[in-house]
Structure formats: structure tokens, C-alpha cells
Number of protein chains: 2
Amino acid sequence: MADSGNGEDTRVRLLHAAGDIFSRKGYQGATIRDICRKAKANVAAVHYHFGNKERLYEAVLRHAHEDALSRFPVDMGLSGASTPRERLSAYVRALLLRMLSKGENAWHGALMARELAEPTPMLGRFVDRSILPRMEKLREIVSDILGPGADAALVGLCVQSIVGQCRNYAVARPILVRLFPDLTYDDSGITRLAEHIVRFSVAAMAHYHDRQDEGLGAETAHAIPSRPDSHVRQ
Amino acid sequence: MADSGNGEDTRVRLLHAAGDIFSRKGYQGATIRDICRKAKANVAAVHYHFGNKERLYEAVLRHAHEDALSRFPVDMGLSGASTPRERLSAYVRALLLRMLSKGENAWHGALMARELAEPTPMLGRFVDRSILPRMEKLREIVSDILGPGADAALVGLCVQSIVGQCRNYAVARPILVRLFPDLTYDDSGITRLAEHIVRFSVAAMAHYHDRQDEGLGAETAHAIPSRPDSHVRQ
DNA sequence: ACCTCCGTCAAACAAATGTTTGAAACGAAT
DNA sequence: ATTCGTTTCAAACATTTGTTTGACGGAGGT
């Protein structure tokens, strides 16, 4: 392994540099030359280590995702037996941290937001492999909170209401930092956001739980199919 | 005015074609040649009518925004005297329609989502000129629902919870159509989503309203500054 | 010492892309 | 008919960009 002066492996240097550039410029906007300049590597290095630009992007996406997932696991080290509200709190907090944290590699959230704006063929795999099973966990929590009488359509809508509140702070960051200059995305700020989202959502669902059969079925019918129908294509 | 066979003006043909291409490929991904081929215009036409690619993009953004705003006005033709909940319902419905409608030019939502992922210098102007005053209206509605005792920080958080739920269906559309293949974005589907969001949010805020001074202040303090401080830079 | 594999590097290539140019077509006014 | 301003068109230009090439060099085995 020729080291070229720098102890770090060229491959991981490229991976980190590409994550930064891709997250800021997008796939089309990022140039291999920019990435290699930041990684202090030759332009041919990306071809040697990854094949081409697209496979480099795929590797970056996979790396960023696994990294964020390993740093913020789903249940945040929660003891097995806990109330649904505690589990919801842990879930929301982990989700926010994963999307917003400004750590070593802060580009996970930006990369995902970009995937949403302009889906690559990889998005499908990510949804099936990562997002869907994780969302199933949230569905169980919500189902527990709503009680046994809630139909699956209502559970799906509430899950989206919760995830949507979280996702908002990730995708609308440019708007929010402009609207609220003092809004902080550090650990304590994220904790405060998580607490509000949990309180807001639990209150809403408690209301549903109280008056469960006052004609809600007609409204939510067919809004969302009863099951995600986890079908996998591609 | 040379017509080149097509009765439509070349300028508006370019505007529409560019809106479609930009919304699907992004600013960098869209090529002038693609746009002009779709508009049945010469490549030099964009330089003649708009100057360059960036100014074309700016014109498209402005056109799409004004168009969506004129089709779905803020208060949806609501009579002046109505309950806060009715006003919230109208607001949410108009917001969803603006972001999701698949009409003649359906690219408004996609363009905005892209602006969020990769803000151009134009985003700032849009936030100050359009988003901010509109959100102030929602702030008033929420303030009415929460009652006079709610502090501004709590109002800001609830506003974001509502807008976030709506925005979720716009920015996460690629995920949602995969999770829920039957989720429709037509008028009736949007109405159902709006009804759920309103019911969910009103229930949550009613809960806040009931127990207004049970130590909530400590939680929401400093989470969001008390006022948007609508300062305008640039 | 020789060979081989692996990683790196500068240079070059081919394609794509934003932009420009100069001429031509067309309608309206003189 | 001529002129003038406006609009369109094909062609070309200068850069950029993803990709490839062939050589160089070190590490380790025989």
C-alpha cells in the first residue's frame, strides 16, 4: 500500500471528501476534481477505488447511512420494559439526532434530503432496507399509544404526522435558520425539539384515544392503506 | 413577432419547459438543450429571452410561485368571521394544495423542495417575501387556538408542527408513494390528509390549552425565540 | 537481483454544456 | 419598396467534466 505521505487510506479520504462535497453541491454539482482536491488524491483514484462517479456516490450514501445508524441506534439504549411514551421519546430523539447532528460527518441528513428531491435508483433500496423496518417500529409504538381499537389507517396517518414534524427540521433548515436565528441544532436544542414533538403528538393521540368511535372511521378510510404492503421491487 | 408555426410565445414555452425540466433534474442536471428541445426553441432563445441559465431559473421560480399562489390563495375564499379551527382548516388545505397539486404546472412543490436541498441566493428573498408573511397568518390562527396565555415560543413550535406535517407529504413523496402505493395526491386525497392534520393538531393544541401552566414554560423556553424577528438581509 | 502486484500520478481524450456569433426571416412603419 | 427593430436559427467556441491511459515506484515474495 503506497502511502503518498498521508497515513490515512486514500479510499476513506475520498469517501469523506465526497460525502462533504456531494452533500453540499448535489450529485450533478459535485465534480470528481473537487472531491479529489479535497481528499488530496489524484483524479484517477476514484476510478481505481470505486469504478466511476456513480459507484462512489453509492458508497458514500451507504457509508453515511451506516455511520449515522451506528451512532444513533433506534432505541437509544432503552431498557426493554418501558412505557410507550418513553419509547416514542427515544425514537423521536434518535431520529432527530440522526437527521440533524453536526458531528464528524454531518452530511447524512443533507444527503438524504437530496435523495428525496431527486431520487436516484438507490433510494428504493434504502427505503426497503432501512426506512421501512424502522418505521414499522414506530408504527408499533403509535399503535400501543392509540390503543387496540385504532385501525391501521389512523396509525399510518399518525406515524406520518410524527415523522413529518421531525423531518421538517431537517429539510427546511434553510428556512428555519432564517426564521429563527436563535434556533440551535446542538444536542440541547435537539432535545428541546424532541420534547415538544413528543408532547404535541402524545396529546393529539390521547385525544384520538378518548373518542375513538365518533365517526373517525369514515374520515380516515382509504386515506392510507391498512398496511404498508411491504413489497420489494428492483 | 416571428411565430415559427406555434401560436404560443417562445418565451412562455421556454418558461413552461424549463419548469418541468428544472423540477425533475434540478438546476445543474437540467441542460439548456433539453429545455429548448422540449420547448421547440433554439438554444440561443434562452440567451435572447432571459440572458443566461441562472436568470431563466429565477424567472421559472418566480412564475411557478406566483401561479401557485394565485390558484390557491391563502384563505381559500373564507368568510371573514369564522372559527379559528375553520381558518386553520382552510390554511392547511391551501398549503397542501399549493405543494402537492398536479395541475397544469405541477412543478411548484418540486422546485421548492429542491431550493431547500440546495438553496440558491433566491431562497432568501422568497422566505422574506412570501413564506414569512404567510406564516405570520398561521401564527395568528394558532395563537387564537392556544388562547391568550400561550407564550410566543410555544406558538412557534406548534406552527412548525403543523407546517411540518404538511411539508412532509411534499418533500417525502418518493418515500410515501413507495410506502403507501394507494396514497393519492388528487383533490379528495389531499382533503383527507388536510382533515387528519387539522384534527391531529387541534387535538394537540387543545391539550396544551387545557393545562396551560403545568410547567410547560420551562420546557419551551429558549427553544425558539419569542418572535421571528423578521429581519431582512441581502 | 528479479519479478509481480498494488497504488499513485500527470497527461490526455472524448463528450457534454453554457454561451456567443452572424446571418436570415418576419412584421410593421416610412 | 425600403428600412428598421425584433425574433429565430444553425454553427461554432471555450470550458468543464467523467473517464482512460501508460508510466513510475515501492513492498514483498522467490
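Check the entry above for the structure.
Residues numbered from 1 in each chain as written. Chains lettered and ligands numbered in written order. Predicted model: local features only at pLDDT ≥ 70, side-chain atom pairs only at ≥ 80, totals over all residues. Heavy atoms only, no water.

**Q** I keep staring at the overall build of chain A and nothing clicks. Help me out?
**A** Helix and strand counts for chain A come out as 11 helices and zero strands. Along chain A, from the amino end to the carboxyl end, the secondary structure elements read α-α-α-α-α-α-α-α-α-α-α. Per-residue burial over chain A gives 52% buried out of 234 residues. Surface accessibility of chain A: about 10,700 Å² in total, with carbon and sulfur atoms responsible for 52%. (Helix = DSSP H or I, 4+ residues; strand = E, 2+ residues; numbered from the N terminus. Buried < 20%, exposed > 50% of the residue type's maximum accessible area, 1.4 Å probe, protein only. Areas by Shrake-Rupley, 256 points an atom, 1.4 Å probe, with all protein chains shown as cover.)

**Q** Honestly, the interface of chain A and chain B in this entry has me stumped. Any pointers?
**A** The partner chain B presents 61 residues to the 60 residues of chain A that form the contact. Run the count over chain A and chain B and you get four salt bridges. The shortest N-O distance in the salt bridge between Arg178(B) and Asp128(A) comes to 2.6 Å. Our enumeration of links across chain A and chain B arrives at 18 residue pairs in polar contact (both at pLDDT 80 or more). Ranked by residue count, the leading element in the side of chain A that touches chain B is helix α10 (residues 187–210) of chain A, at 12 residues. Split by residue class, the side of chain A that touches chain B holds 33 nonpolar, 13 polar and 14 charged. (Contact = heavy atoms within 4.5 Å. Salt bridge = Lys/Arg side-chain N within 4 Å of Asp/Glu carboxyl O. Polar contact = N/O pair within 3.5 Å; in protein donor to acceptor, adjacent residues only side chain to side chain. Nonpolar A, V, L, I, M, F, W, Y, C, P; charged D, E, K, R; others polar.)

**Q** When you look at the nonpolar core in this model, what are you seeing that I'm missing?
**A** Taken as a class, soluble globular proteins show a tendency for nonpolar side chains to be buried jointly. Counting 98 residues, the largest nonpolar core has Leu88(A), Leu96(A), Leu88(B) and Leu96(B) as its most contacted members. In contact with Leu88(A), other than residues within four places in its own chain, are Leu138(A), Ile141(A), Ile145(A), Ile162(A), Val198(A), Val202(A) and Met205(A). (Core = buried A, V, L, I, M, F, W, Y, C linked by side-chain atoms within 4.5 Å.)

**Q** What's the story with the packing of helix α5 (residues 84–100) of chain B against helix α7 (residues 121–146) of chain B in this structure? I'm lost.
**A** Think of two packed helices as two axes; the pair is described by the angle between the axes and how far apart they sit. All names here are of chain B. For the pair α5 and α7, the least separation of the axes is 9 Å and the interaxial angle reads 150°. Taken together, the axes of α5 and α7 lie roughly antiparallel to each other. For α5 against α7, the interelement crossing comes out left-handed. Together, Pro84, Arg87, Leu88, Tyr91 and Arg98 of α5 and Arg134, Met135, Lys137, Leu138, Ile141, Asp144 and Ile145 of α7 make up the contact between the two elements. (Axes fitted to C-alpha atoms, helices over the stretch in contact; angles between N-to-C directions. Parallel < 35°, antiparallel > 145°, perpendicular 65-115°, else oblique. Left-handed = near helix turned anticlockwise from the far one by under 90°.)

**Q** Help me understand the protein's contact with DNA strand D, please; the structure alone is not making it clear to me.
**A** In the neighbourhood of DNA strand D, 17 residues make up the surrounding shell, with Arg33(A), Lys53(A), Thr10(B), Tyr48(B) and His49(B) lying closest. At a separation of 2.6 Å, a phosphate oxygen of DNA strand D approaches a polar side-chain atom of Lys53(A). One of the side-chain nitrogen or oxygen atoms of His49(B) is found 2.7 Å away from a phosphate oxygen of DNA strand D. Those elements that place two or more of their residues in the surface near DNA strand D are α2 (32–39) and α3 (43–50) of chain A together with α3 (43–50) of chain B. (Near = heavy atom within 4 Å.)

**Q** What should I look at first to understand the protein's contact with DNA strand C in this one?
**A** Close to DNA strand C lie 17 residues, the nearest being Thr10(A), Tyr48(A), His49(A), Arg33(B) and Lys53(B). In DNA strand C, atoms within 4 Å of the protein come from the sugar-phosphate backbone in 56% of cases. Between DNA strand C and His49(A), the relevant distance is 2.7 Å, taken from a phosphate oxygen to a side-chain nitrogen or oxygen of the residue. Here a phosphate oxygen of DNA strand C and a side-chain polar atom of His47(B) are 3.4 Å apart. Broken down by secondary-structure element, the contributors of at least two residues to the surface near DNA strand C are α3 of chain A together with α2 (32–39) and α3 of chain B. Of all the elements, α3(A) adds the most residues to the surface near DNA strand C, at four residues.

**Q** Help me understand the side chain of Ser23(A), please; the structure alone is not making it clear to me.
**A** Residues and elements named next belong to chain A. By secondary structure assignment, the location of Ser23 is in helix α1 (residues 10–29). The exposure class assigned to Ser23 is buried, which follows from its relative accessible area of 8%. Those residues in contact with Ser23 that lie beyond four places of it in its chain are Ala18, Trp107, Ala110, Leu111 and Arg114.

**Q** Is there a simple way to think about the relation of the copies chain A and chain B in this case?
**A** Superposition of the two copies of the chain requires a rotation about an axis and a shift along the axis. When chain A is fitted onto chain B, the two copies agree to an RMSD of 0.1 Å after a turn of 180° and an axial shift of 0.0 Å. Each copy turns onto its partner about a two-fold axis. Across chain A, the smallest distance between a C-alpha and the rotation axis is recorded for Ala204(A), namely 2.0 Å. Interface residue correspondence from chain A to chain B reaches 100%, placing this contact among same-surface, isologous pairings. (Least-squares fit on C-alpha atoms with pLDDT ≥ 70 in both.)

**Q** Help me understand helix α5 (residues 84–100) of chain A in this model?
**A** Residues spaced three or four apart along an α-helix face the same direction, because each turn holds 3.6 residues. With 17 residues, α5(A) should cover 24 Å at 1.5 Å per step; its first-to-last C-alpha distance of 24 Å lies within 8% of that length. By the burial criterion, the buried members of α5(A) are Leu88(A), Ala90(A), Tyr91(A), Val92(A), Ala94(A), Leu95(A), Leu96(A), Leu97(A), Arg98(A), Met99(A) and Leu100(A). (Expected span 1.5 Å × (residues − 1).)

**Q** Would you mind showing me how to read the pattern of salt bridges here?
**A** Charged atoms that come close allow side chains of opposite charge to pair. If you walk through the whole model with that rule in mind, you get 24 salt bridges over all chains. Its salt-bridge partner being Arg71(B), residue Asp67(B) comes within 3.3 Å of it at the nearest N-O pair. Remark: Arg71(B) and Asp67(B) occur in helix α4 (residues 53–71); sequence separation between them is four residues, near one turn of the helix. Under the relative-accessibility criterion, Arg71(B) is labelled partly exposed at 33%. One salt-bridge network, in which partners are shared between bridges, spans Asp20(A), Arg24(A) and Lys38(A).

**Q** What am I meant to see in α4(B) here?
**A** All names here are of chain B. Taking 1.5 Å of rise per residue, the 19 residues of α4 would be expected to cover 27 Å, and the 27 Å separating its terminal C-alpha atoms lies within 8% of that figure. Every buried residue belonging to α4 is among Leu56, Tyr57, Ala59, Val60, Leu61, Ala64, His65 and Ala68, and all of these are buried. Contacts from the buried residues of α4 go to α1 (10–29), α2, α3, α5, α6 (107–117) and α7.

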